[in-house]
Amino acid sequence: MKDRMRIGDLSERAGVTQRTVRYYEKMGLIPPGEREGNGQHYYTDETVARLRKIDQLKKLGLSLEEIRDVIDLYFMDPSGVQPKQKVLGILKQHLAETDQKIEGLQQFRTDLLTHIDRFEQWLKDAEQH
C-alpha cells in the first residue's frame, strides 16, 4: 500500500511528536497502527487527516475527551453535518461556562472595590482623628 507510513513519517506529516501519536492511540483518538511481522507499526493517510482534525478541534477549545466523542463522526458522516452539530453544542456549553466565570469575576471585582473603598475610608477617618 502506497500511503502507509511509519510513525516518524506520520508525525512529520501531521506536525505532531511521536509521543503525541502514541498518546492519542492510547486515548482512542486515532486507531493503532497496523503491525507487521517485524513489529513495525504502519499508518495511513486517514491517520494524518485525523491528527489534523484533532489539532483543528483543539484550536476551537475542545478538550481531548470532547474530541474523542466527536472525531469518529467526521470520518463517518461525509456531509459534516452531524459532527458540526455536536461541536456546536460543545462550543455553546463552553460559552455558557465562560459567561458564568465572567459573572463570578465581575462579582469578585465589585466585592474588591467595596473592600478597597471601606479600607480607604477607614484610613481617611483615622488620619483625621
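Residues numbered from 1 in each chain as written. Predicted model: local features only at pLDDT ≥ 70, side-chain atom pairs only at ≥ 80, totals over all residues. Heavy atoms only, no water.

A. Region of the structure containing the nonpolar core. Counting residues in hydrophobic clusters, the biggest one holds 22 residues, and the most contacted among them are Leu51, Ile54, Leu57 and Ile67. Listing elements by their share of this core, those giving two or more residues are helix H1 (7-14), helix H2 (18-27), helix H3 (45-59), helix H4 (64-76) and helix H5 (81-128). Ranked by the residues each element gives to this core, the list is headed by H4, at five residues. Look past the residues within four positions of Ile54 in its chain and what remains in contact with it is Tyr24, Leu29, Ile30, Leu64, Ile67 and Ile71. (Core = buried A, V, L, I, M, F, W, Y, C linked by side-chain atoms within 4.5 Å. Buried < 20%, exposed > 50% of the residue type's maximum accessible area, 1.4 Å probe, protein only. Helix = DSSP H or I, 4+ residues; strand = E, 2+ residues; numbered from the N terminus. Contact = heavy atoms within 4.5 Å.)

B. View of the domain arrangement of the chain. Segmenting the chain into domains produces domain 1 (1-61) and domain 2 (76-128). Here the C-alpha centroids of domain 1 and domain 2 sit 37 Å apart. (Domains from an automatic or database assignment.)

C. Representation of the UniProt feature "domain: HTH merR-type" (unreviewed entry) in the chain within the structure. UniProt tags residues 4-73 as "domain: HTH merR-type" (unreviewed entry). As annotated, residues 4-73 has a helix share of 61% and a strand share of 6%, and its two end C-alpha atoms lie 23 Å apart. (UniProt positions renumbered as here; feature names shortened; annotations may be inferred.)

D. Representation of H4 within the structure. Between its terminal C-alpha atoms H4 stretches 19 Å, which fits the 18 Å expected from 13 residues at 1.5 Å a residue. Of all the bends in H4, the largest measures some 30 degrees and sits at Val70. For H4, every residue scored as buried is listed here: Leu64, Glu66, Ile67, Val70, Ile71, Leu73 and Tyr74. Structurally, H4 contributes buried residues whose contacts are with H2, H3 and H5. (Expected span 1.5 Å × (residues − 1). Bend = angle between axes of the 7 residues up to and from the residue.)

E. Quick peek at the side chain of Arg50. Among the structural elements, Arg50 can be located in helix H3. Residue Arg50 is classed as buried on the basis of its relative accessible area of 5%. Within the structure, Arg50 has its side chain in polar contact with the backbone oxygen of Leu29 (distance 2.9 Å). Setting aside anything within four residues of it in sequence, one finds Arg50 in contact with Leu29, Ile30, Pro31, Ile71, Asp72 and Phe75. (Polar contact = N/O pair within 3.5 Å; in protein donor to acceptor, adjacent residues only side chain to side chain.)

F. Highlighting H3. Relative to the 21 Å expected for 15 residues at 1.5 Å per residue, H3 spans 21 Å between its end C-alpha atoms, a close match to the ideal helical length. When we look at burial in H3, the residues that qualify are Thr47, Val48, Arg50, Leu51, Lys53, Ile54 and Leu57. Residues of H3 that are buried sit in contact with H1, H2, H4 and H5. Gly61, located one to two residues past H3, shows a positive phi value of around 100 degrees.

G. Quick look at the packing of aromatic side chains. By the definition in use, this model includes one aromatic pair. Taken together, a centroid distance of 6.4 Å and an interplanar angle of 45 degrees make the contact between Tyr23 and Tyr24 tilted. Classification of Tyr23 by relative accessible area gives partly exposed; the value is 44%. A cation over an aromatic ring shows up here: Arg4 above the ring of Tyr42, its NZ or CZ 4.5 Å from the ring centre. (Phe/Tyr/Trp six-rings, centres within 6.5 Å; stacked < 30°, edge-to-face > 60°. Lys NZ or Arg CZ within 6 Å of the ring centre and 35° of its normal.)

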